[in-house]
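Below, each chain spelled out in residue letters.
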Amino acid sequence: MSDIADRLQEIRHRLTQATARSGRKPESVDLLAVSKTYPVEIIQEAVEAGQILFGENRVQEVTLKQPQLSGKLQWHLIGPLQSNKVRKVLPLVQMIHAVDSVDIAKDINRIGGELGLHPKVLIEINLAAESSKHGFTPQAIREQLEALYELDRLYIQGVMCIPPFDPVAEKSRRYFTQLREVRDELEKFGGAPLPVLSMGMSHDFEVAIEEGATIVRVGSAIFGSRKAVA
Ligand SMILES: *Cc1c(COP(=O)(O)O)cnc(C)c1O
């Protein structure tokens, strides 16, 4: 087995154990393999090991890599999206994780309509209100949810977060709990289900699963450390 296949197997095993610990089914969590910065040869190894769901944070990379990989793969865009890339990326990805303003949501809605698509999106929540990070603060999303729900082409599926980095996984727990609580509150307030919680990365995905994650975004624990910062 390749290194990638080995690591994927280990991650899937840990994922299953984390679901068992929290009384959940393994199928209730999707493993999104974050392949940003890794070349297609490496990604192909993951494909051969049975991985079909991949995440990239730049439109450019999705565009370059997709045609070079075989198989029925699914792609999610996890990075911030600029208006001028919306038309290009919508037909290529099954989900956009990081809707971080009403303006970009409007662009996705309008262009989705022009292309005959109903884009699936998540709302990015900036829990710690870090100025270096994208997303709605919990307060801002309460005020702007209605404007998002007016955009009738969008399938708003849930929320995502990138908490402040701490190598100690337990330190992320309170942010994951908080994201789940924000989601619960938005469901009540908006009157529509938001089943998807995209949270947890290589160093803290098990804690995220214990707190209810339905998509974990795991890169370096599968593919090895990234040389270039993406
Ligand atoms: C890079 C990235 C990940 C994966 O990070 P790892 O620490 O390599 O698992 C997850 N989510 C987002 C938004 C990212 O940009």
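This write-up is about the structure you can find in this document. Just so we're clear, the structure is a prediction, and the values are computed from it rather than from any experiment. (Residues numbered from 1 in each chain as written. Predicted model: local features only at pLDDT ≥ 70, side-chain atom pairs only at ≥ 80, totals over all residues. Heavy atoms only, no water.)

### Examining helix 7 (residues 173–190)
This is how it is decided: Secondary structure elements follow DSSP: runs of H or I of four or more residues count as helices, runs of E of two or more count as strands, with numbering from the N terminus. Each helix should span, by expectation, one fewer than its residue count multiplied by 1.5 Å. When accessible area is computed with a 1.4 Å probe and restricted to protein chains, residues below 20% of their type maximum are described as buried, those above 50% as exposed, and intermediate ones as partly exposed. Working rule for contacts: check all heavy atoms of both residues, and any pair within 4.5 Å makes them a contact.
Here helix 7 spans 25 Å end to end across 18 residues, near enough to the 26 Å set by a 1.5 Å rise per residue. All of the buried residues along helix 7 are Tyr 175, Phe 176, Thr 177, Leu 179, Val 182, Arg 183 and Leu 186. Of the surrounding elements, those touching the buried residues of helix 7 are helix 6 (138–149), strand 6 (155–160), strand 7 (196–198) and helix 8 (205–210). Phi turns positive, to about 70 degrees, at Gly 191, one or two residues after helix 7.

### Remarks on helix 5 (residues 102–114)
The terminal C-alpha atoms of helix 5, which comprises 13 residues, lie 18 Å apart, in line with the 18 Å expected from a rise of 1.5 Å per residue. Among all positions in helix 5, only Val 102, Ile 104, Ala 105, Asp 107, Ile 108, Asn 109, Ile 111 and Gly 112 are buried. As for helix 5, its buried residues are in contact with helix 4 (86–89), strand 4 (95–99), strand 5 (120–124) and helix 6. Positioned one or two residues after helix 5, Gly 116 has a phi angle of 75 degrees, which is positive.

### Points about the packing of helix 6 against helix 7
Put simply, the rule reads: Angles here are taken between N-to-C directions and fall from 0 to 180 degrees, while the axes themselves are lines fitted to C-alpha atoms, restricted in helices to the stretch in contact. Working definition: roughly parallel below 35 degrees, roughly antiparallel above 145 degrees, roughly perpendicular at 65 to 115 degrees, and oblique for all remaining angles. For a crossing to be left-handed, the near helix must be turned anticlockwise from the far one by less than a right angle; the clockwise case is right-handed. Only Asp, Glu, Lys and Arg are considered charged in this grouping, and only Ala, Val, Leu, Ile, Met, Phe, Trp, Tyr, Cys and Pro are considered nonpolar; every other residue, Gly among them, is considered polar.
One way to put it is that helix 6 packs onto helix 7 with a least axis distance of 11 Å and a crossing angle of 40 degrees. Classified by the angle between their axes, helix 6 and helix 7 sit oblique to one another. The handedness of the crossing between helix 6 and helix 7 comes out as right-handed. Contacts between helix 6 and helix 7 involve Pro 138, Ile 141, Arg 142, Leu 145 and Tyr 149 from the former and Gln 178, Val 182, Glu 185, Leu 186, Phe 189 and Gly 190 from the latter. Looking at the contact of helix 6 with helix 7 residue by residue, the class counts come to seven nonpolar, two polar and two charged.

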